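Residue-level structure breakdown
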Amino acid sequence: MTILKKTFLPLIIGTSILLAWEFLVPFFDIPNFILPRFSKVIEALWNQKEILYKHSLVTLGEALLGLSISVVIGVLCAFSIYSSKSISKILYPIIVVSQTIPIIALSPIMVMWFGYSIWSKVSVVILFCFFPIVVSTLDGLNSVDKDLEDVLKALGGSKIQIFIKLHMNSVLPNFLSSFKISATYSIAGASIGEWLGSDKGLGIYVKRVAGMLQSDSVFAGILVLSFLGLFLFSIGLLLEKILLKYRRGIKENTYEIKKI
(Lines give C-alpha, C1' and ligand atoms only; values in the text may rest on other atoms or scores of the structure.)
Protein backbone atom coordinates (compact mmCIF):
# COMPACT_ATOMS: atom_id res chain seq x y z
CA MET A 1 0.00 0.00 0.00
CA THR A 2 2.89 2.35 0.81
CA ILE A 3 4.56 1.64 -2.54
CA LEU A 4 1.23 2.30 -4.27
CA LYS A 5 0.89 5.68 -2.59
CA LYS A 6 4.48 6.74 -3.23
CA THR A 7 4.80 5.57 -6.83
CA PHE A 8 1.64 4.61 -8.62
CA LEU A 9 -0.75 7.17 -7.14
CA PRO A 10 1.31 10.23 -8.23
CA LEU A 11 1.87 8.56 -11.61
CA ILE A 12 -1.85 7.96 -12.07
CA ILE A 13 -2.74 11.52 -11.06
CA GLY A 14 -0.08 13.01 -13.34
CA THR A 15 -1.15 10.86 -16.28
CA SER A 16 -4.80 11.79 -15.71
CA ILE A 17 -3.95 15.50 -15.77
CA LEU A 18 -1.98 15.15 -19.01
CA LEU A 19 -4.74 13.10 -20.68
CA ALA A 20 -7.33 15.66 -19.60
CA TRP A 21 -5.13 18.40 -21.03
CA GLU A 22 -4.75 16.53 -24.31
CA PHE A 23 -8.39 15.63 -24.92
CA LEU A 24 -10.41 18.32 -23.16
CA VAL A 25 -8.78 21.16 -25.14
CA PRO A 26 -10.27 20.04 -28.51
CA PHE A 27 -13.46 18.88 -26.76
CA PHE A 28 -14.16 22.43 -25.50
CA ASP A 29 -12.80 23.90 -28.74
CA ILE A 30 -10.20 26.03 -26.97
CA PRO A 31 -8.11 28.06 -29.48
CA ASN A 32 -4.51 26.94 -29.87
CA PHE A 33 -3.12 30.39 -29.03
CA ILE A 34 -4.85 30.24 -25.63
CA LEU A 35 -4.07 26.65 -24.65
CA PRO A 36 -2.44 24.16 -27.04
CA ARG A 37 -2.85 20.40 -26.72
CA PHE A 38 -0.17 18.65 -24.72
CA SER A 39 0.98 16.78 -27.83
CA LYS A 40 1.57 20.13 -29.56
CA VAL A 41 3.73 21.26 -26.65
CA ILE A 42 5.81 18.07 -26.87
CA GLU A 43 6.10 18.56 -30.62
CA ALA A 44 7.37 22.12 -30.13
CA LEU A 45 9.76 20.87 -27.47
CA TRP A 46 11.22 18.36 -29.91
CA ASN A 47 11.34 20.66 -32.93
CA GLN A 48 13.13 23.42 -31.00
CA LYS A 49 15.27 21.21 -28.80
CA GLU A 50 18.56 22.73 -29.97
CA ILE A 51 17.42 26.31 -29.36
CA LEU A 52 15.91 25.41 -26.01
CA TYR A 53 19.08 23.57 -25.02
CA LYS A 54 21.26 26.62 -25.73
CA HIS A 55 18.93 28.97 -23.89
CA SER A 56 18.59 26.58 -20.94
CA LEU A 57 22.38 26.45 -20.46
CA VAL A 58 22.43 30.24 -20.18
CA THR A 59 19.58 30.32 -17.66
CA LEU A 60 21.04 27.46 -15.63
CA GLY A 61 24.45 29.15 -15.51
CA GLU A 62 22.93 32.42 -14.27
CA ALA A 63 20.86 30.56 -11.67
CA LEU A 64 23.80 28.54 -10.35
CA LEU A 65 26.08 31.58 -10.11
CA GLY A 66 23.39 33.66 -8.39
CA LEU A 67 22.50 30.79 -6.04
CA SER A 68 26.15 30.24 -5.08
CA ILE A 69 26.65 33.93 -4.29
CA SER A 70 23.35 33.96 -2.37
CA VAL A 71 24.55 31.08 -0.18
CA VAL A 72 27.76 32.95 0.68
CA ILE A 73 25.97 36.26 1.34
CA GLY A 74 23.13 34.61 3.25
CA VAL A 75 25.35 32.55 5.55
CA LEU A 76 27.71 35.48 6.23
CA CYS A 77 24.77 37.77 7.03
CA ALA A 78 23.21 35.17 9.35
CA PHE A 79 26.45 34.62 11.29
CA SER A 80 27.09 38.36 11.49
CA ILE A 81 23.61 39.00 12.90
CA TYR A 82 23.97 36.10 15.34
CA SER A 83 27.42 37.10 16.59
CA SER A 84 26.78 40.81 17.15
CA LYS A 85 23.72 42.59 18.51
CA SER A 86 24.95 45.87 17.03
CA ILE A 87 25.18 44.36 13.56
CA SER A 88 21.81 42.68 14.08
CA LYS A 89 20.09 46.00 14.84
CA ILE A 90 21.49 47.54 11.64
CA LEU A 91 21.60 44.67 9.17
CA TYR A 92 18.46 42.65 9.93
CA PRO A 93 15.98 45.52 9.32
CA ILE A 94 17.73 46.34 6.03
CA ILE A 95 17.42 42.70 4.90
CA VAL A 96 13.73 42.60 5.82
CA VAL A 97 12.97 45.92 4.10
CA SER A 98 14.74 44.72 0.95
CA GLN A 99 12.11 41.99 0.66
CA THR A 100 9.16 44.36 1.01
CA ILE A 101 10.02 45.93 -2.36
CA PRO A 102 8.72 43.83 -5.29
CA ILE A 103 11.67 42.19 -7.05
CA ILE A 104 10.08 42.92 -10.42
CA ALA A 105 10.34 46.64 -9.59
CA LEU A 106 14.04 46.36 -8.73
CA SER A 107 14.93 44.33 -11.81
CA PRO A 108 15.00 47.32 -14.23
CA ILE A 109 17.36 49.08 -11.81
CA MET A 110 19.73 46.12 -12.03
CA VAL A 111 19.62 46.37 -15.81
CA MET A 112 20.48 50.09 -15.59
CA TRP A 113 23.37 49.38 -13.23
CA PHE A 114 24.85 46.30 -14.91
CA GLY A 115 23.53 46.64 -18.46
CA TYR A 116 22.67 43.49 -20.40
CA SER A 117 25.60 41.51 -18.97
CA ILE A 118 25.18 38.33 -16.96
CA TRP A 119 25.42 40.31 -13.72
CA SER A 120 22.06 42.01 -14.18
CA LYS A 121 20.46 38.55 -14.20
CA VAL A 122 22.64 37.23 -11.38
CA SER A 123 21.75 40.22 -9.19
CA VAL A 124 18.04 39.47 -9.64
CA VAL A 125 18.68 35.83 -8.68
CA ILE A 126 20.48 37.00 -5.53
CA LEU A 127 17.53 39.23 -4.59
CA PHE A 128 15.26 36.20 -4.91
CA CYS A 129 17.46 33.71 -3.08
CA PHE A 130 19.48 35.19 -0.25
CA PHE A 131 16.61 36.08 2.13
CA PRO A 132 15.37 32.51 2.85
CA ILE A 133 18.97 31.46 3.50
CA VAL A 134 19.57 34.32 5.96
CA VAL A 135 16.37 33.72 7.92
CA SER A 136 16.60 29.92 8.09
CA THR A 137 20.31 29.87 8.95
CA LEU A 138 19.72 32.46 11.68
CA ASP A 139 16.85 30.38 13.10
CA GLY A 140 19.17 27.38 13.19
CA LEU A 141 21.84 29.34 15.07
CA ASN A 142 19.30 30.64 17.56
CA SER A 143 18.11 27.11 18.28
CA VAL A 144 21.55 25.99 19.56
CA ASP A 145 21.37 24.17 22.91
CA LYS A 146 23.01 26.68 25.26
CA ASP A 147 23.43 24.12 28.06
CA LEU A 148 25.27 21.78 25.74
CA GLU A 149 27.44 24.68 24.58
CA ASP A 150 28.41 25.38 28.19
CA VAL A 151 29.22 21.70 28.74
CA LEU A 152 31.51 21.63 25.70
CA LYS A 153 33.27 24.78 26.89
CA ALA A 154 33.73 23.28 30.36
CA LEU A 155 35.28 20.19 28.80
CA GLY A 156 37.84 22.37 27.07
CA GLY A 157 36.37 22.42 23.59
CA SER A 158 37.80 25.10 21.33
CA LYS A 159 35.58 27.56 19.49
CA ILE A 160 36.18 25.72 16.21
CA GLN A 161 35.32 22.33 17.75
CA ILE A 162 32.14 23.71 19.33
CA PHE A 163 31.18 25.38 16.07
CA ILE A 164 31.61 22.18 14.04
CA LYS A 165 30.05 19.78 16.54
CA LEU A 166 27.24 21.99 17.84
CA HIS A 167 26.46 25.01 15.68
CA MET A 168 26.83 23.24 12.35
CA ASN A 169 24.71 20.41 13.72
CA SER A 170 21.96 22.86 14.59
CA VAL A 171 22.16 24.95 11.43
CA LEU A 172 22.31 22.24 8.76
CA PRO A 173 18.60 21.23 8.61
CA ASN A 174 17.45 24.85 8.43
CA PHE A 175 20.09 25.80 5.89
CA LEU A 176 19.33 22.85 3.62
CA SER A 177 15.60 23.59 3.71
CA SER A 178 16.26 27.18 2.68
CA PHE A 179 18.70 26.00 0.00
CA LYS A 180 15.99 23.87 -1.62
CA ILE A 181 13.61 26.84 -1.64
CA SER A 182 16.25 29.18 -3.03
CA ALA A 183 17.26 26.62 -5.67
CA THR A 184 13.79 26.76 -7.20
CA TYR A 185 13.63 30.55 -6.80
CA SER A 186 16.92 30.93 -8.68
CA ILE A 187 15.39 29.76 -11.96
CA ALA A 188 12.51 32.22 -11.57
CA GLY A 189 14.95 35.03 -10.80
CA ALA A 190 17.14 34.25 -13.81
CA SER A 191 14.17 34.08 -16.20
CA ILE A 192 12.73 37.38 -14.90
CA GLY A 193 16.12 39.05 -15.29
CA GLU A 194 16.29 37.76 -18.89
CA TRP A 195 12.74 38.89 -19.55
CA LEU A 196 13.64 42.49 -18.67
CA GLY A 197 16.96 42.71 -20.46
CA SER A 198 18.75 39.97 -22.37
CA ASP A 199 19.29 38.49 -25.80
CA LYS A 200 19.61 34.86 -24.65
CA GLY A 201 18.12 32.58 -22.03
CA LEU A 202 14.76 30.90 -21.52
CA GLY A 203 13.19 34.09 -20.16
CA ILE A 204 13.73 36.04 -23.37
CA TYR A 205 12.85 32.95 -25.41
CA VAL A 206 9.44 32.69 -23.74
CA LYS A 207 8.92 36.44 -24.16
CA ARG A 208 9.66 36.32 -27.88
CA VAL A 209 7.46 33.32 -28.70
CA ALA A 210 4.66 34.76 -26.55
CA GLY A 211 4.81 37.94 -28.65
CA MET A 212 4.27 35.79 -31.73
CA LEU A 213 1.34 33.96 -30.05
CA GLN A 214 3.18 30.63 -30.32
CA SER A 215 1.61 29.19 -27.20
CA ASP A 216 2.96 25.69 -27.82
CA SER A 217 6.52 27.09 -27.76
CA VAL A 218 5.67 29.15 -24.67
CA PHE A 219 4.58 26.02 -22.81
CA ALA A 220 7.65 24.17 -24.09
CA GLY A 221 9.88 26.87 -22.59
CA ILE A 222 7.93 26.72 -19.33
CA LEU A 223 8.39 22.94 -19.17
CA VAL A 224 12.14 23.36 -19.55
CA LEU A 225 12.17 26.02 -16.81
CA SER A 226 10.24 23.65 -14.58
CA PHE A 227 12.70 20.85 -15.30
CA LEU A 228 15.64 23.12 -14.40
CA GLY A 229 13.93 24.04 -11.12
CA LEU A 230 13.39 20.36 -10.32
CA PHE A 231 17.01 19.62 -11.20
CA LEU A 232 18.34 22.22 -8.75
CA PHE A 233 15.84 21.11 -6.12
CA SER A 234 17.06 17.52 -6.50
CA ILE A 235 20.61 18.73 -5.85
CA GLY A 236 19.32 20.16 -2.57
CA LEU A 237 17.70 16.83 -1.72
CA LEU A 238 20.95 14.99 -2.45
CA LEU A 239 22.94 17.39 -0.26
CA GLU A 240 20.35 16.99 2.48
CA LYS A 241 20.61 13.21 2.35
CA ILE A 242 24.42 13.24 2.51
CA LEU A 243 24.95 16.02 5.05
CA LEU A 244 22.16 15.07 7.46
CA LYS A 245 23.54 11.54 7.59
CA TYR A 246 26.86 13.07 8.66
CA ARG A 247 24.97 15.33 11.10
CA ARG A 248 23.30 12.38 12.83
CA GLY A 249 26.73 10.92 13.59
CA ILE A 250 27.93 14.21 15.08
CA LYS A 251 24.70 14.61 17.05
CA GLU A 252 25.01 11.17 18.66
CA ASN A 253 28.61 11.82 19.70
CA THR A 254 27.80 15.29 21.05
CA TYR A 255 24.90 14.18 23.20
CA GLU A 256 26.97 11.31 24.60
CA ILE A 257 29.35 14.01 25.84
CA LYS A 258 26.41 15.84 27.48
CA LYS A 259 25.35 12.67 29.33
CA ILE A 260 28.86 12.28 30.71
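Not measured: the values here are computed from a predicted model.

About the criteria used
Residues numbered from 1 in each chain as written. Predicted model: local features only at pLDDT ≥ 70, side-chain atom pairs only at ≥ 80, totals over all residues. Heavy atoms only, no water. Buried < 20%, exposed > 50% of the residue type's maximum accessible area, 1.4 Å probe, protein only. Helix = DSSP H or I, 4+ residues; strand = E, 2+ residues; numbered from the N terminus. Core = buried A, V, L, I, M, F, W, Y, C linked by side-chain atoms within 4.5 Å. Contact = heavy atoms within 4.5 Å. Phe/Tyr/Trp six-rings, centres within 6.5 Å; stacked < 30°, edge-to-face > 60°. Lys NZ or Arg CZ within 6 Å of the ring centre and 35° of its normal. Salt bridge = Lys/Arg side-chain N within 4 Å of Asp/Glu carboxyl O. UniProt positions renumbered as here; feature names shortened; annotations may be inferred. pLDDT = per-residue confidence, 0-100. Axes fitted to C-alpha atoms, helices over the stretch in contact; angles between N-to-C directions. Parallel < 35°, antiparallel > 145°, perpendicular 65-115°, else oblique. Left-handed = near helix turned anticlockwise from the far one by under 90°. Nonpolar A, V, L, I, M, F, W, Y, C, P; charged D, E, K, R; others polar. Patch = residues over 30% accessible without salt bridge, like charges linked within 9 Å, V, L, I, M, F, W, Y side chains within 5 Å. Areas by Shrake-Rupley, 256 points an atom, 1.4 Å probe, with all protein chains shown as cover. Expected span 1.5 Å × (residues − 1). Bend = angle between axes of the 7 residues up to and from the residue.

Details of helix H9 (residues 202–211)
Every buried residue belonging to H9 is among Leu202, Gly203, Ile204, Tyr205, Val206 and Val209, and all of these are buried. In the stretch just after H9, Leu213 is the one whose phi turns positive, near 55 degrees.

A short note on the nonpolar core
Ranked by size, the top nonpolar core spans 39 residues in total, and within it Leu52, Phe175, Ile187, Leu202 and Leu232 carry the most contacts. Among the elements of the structure, helix H1 (2–27), helix H2 (38–47), helix H3 (49–83), helix H5 (103–114), helix H6 (118–142), helix H8 (159–196), H9 and helix H10 (215–259) are those that each provide at least two residues to this core. Looking at which element gives the most residues to this core, the answer is H8, with 8 residues. Ignoring sequence-local partners within four residues, the contact set of Leu52 consists of Leu45, Leu202, Tyr205, Ala220, Gly221 and Val224. Core analysis: the next-biggest nonpolar cluster, separate from the first, contains 9 residues, Ala78, Ile81, Val134 and Leu138 among them.

Description of the packing of aromatic side chains
Under the criterion given, the structure shown has 4 aromatic pairs. A ring pair is formed by Phe27 and Phe28, whose centres lie 5.1 Å apart and whose planes are at 90 degrees; its orientation type is edge-to-face. Members of the aromatic cluster, each reached through a chain of ring pairs, are Trp21, Phe38 and Phe219. One cation-aromatic arrangement involves Lys49 over Trp46; the distance from NZ or CZ to the ring centre is 3.9 Å.

A word on the pattern of salt bridges
Scanning the entire structure with this criterion turns up 2 salt bridges. Of the charged contacts in the structure, one is a salt bridge between Arg37 and Glu22, with a shortest N-O distance of 2.7 Å. A residue pair is termed long-range when its members are at least 10 positions apart, and Arg37 in the loop between H1 and H2 and Glu22 in helix H1 qualify at 15 residues. The shortest N-O distance in the salt bridge between Glu240 and Lys180 comes to 3.1 Å. Of the two residues, Glu240 sits in helix H10 while Lys180 sits in helix H8, which places them 60 residues apart along the sequence. On the accessibility criterion, Glu240 (17% relative accessible area) is buried.

What about the UniProt feature "transmembrane region" (unreviewed entry) in the chain?
The positions UniProt marks with the feature "transmembrane region" (unreviewed entry) are residues 7–28, 63–83, 90–116, 122–141, 175–197 and 217–239. For residues 63–83, the helix share is 100%, the strand share is 0%, and the end-to-end C-alpha distance is 30 Å. Segment residues 122–141 splits into 100% helix and 0% strand. End C-alpha atoms: 28 Å apart.

Digging into the side chain of Lys180
Of the residues examined, Lys180 reaches a relative accessible area of 13% and is grouped as buried. Once you skip the residues sitting within four places of it in the chain, Lys180 turns out to touch Phe233, Gly236, Leu237 and Glu240.

Topic: the confidence of the model for the chain
On average, the chain scores 84 in pLDDT, and the residues at 70 or more come to 85%. Mean pLDDT values over the elements of the chain span from 67, in helix H7 (residues 146–154), up to 93, in H3.

Re the packing of helix H4 (residues 85–100) against H6
It is the contact of H4 with H6, at a shortest axis distance of 10 Å, that shows an interaxial angle of 140 degrees. The orientation of H4 relative to H6 falls into the category oblique. Like other packed secondary-structure pairs, H4 and H6 cross with a definite hand, here left-handed. For the pair formed by H4 and H6, the contact residues are Tyr92, Ile95, Val96, Ser98 and Gln99 on the first element and Leu127, Phe130, Phe131, Val134, Val135 and Leu138 on the second. In terms of residue class, the contact of H4 with H6 is made up of 9 nonpolar, 2 polar and no charged.

Focus on a nonpolar patch on the surface
Among the surface-exposed residues, Leu24, Phe27, Phe28, Ile30, Phe33, Ile34 and Leu213 lie close enough to one another that they form a single nonpolar patch of about 760 Å² accessible area. As for its placement among the helices and strands, Leu24 is situated in helix H1. Assessed through its relative accessible area of 41%, Leu24 is described here as partly exposed.

Focus: H6
The first and last C-alpha atoms of H6 sit 36 Å apart over 25 residues, in line with the 36 Å expected at 1.5 Å per residue. By the largest-angle criterion, Cys129 marks the main kink of H6, which is about 30 degrees, and a proline, Pro132, follows within four residues. In terms of burial, H6 is largely enclosed, as 19 of its 25 residues are buried.

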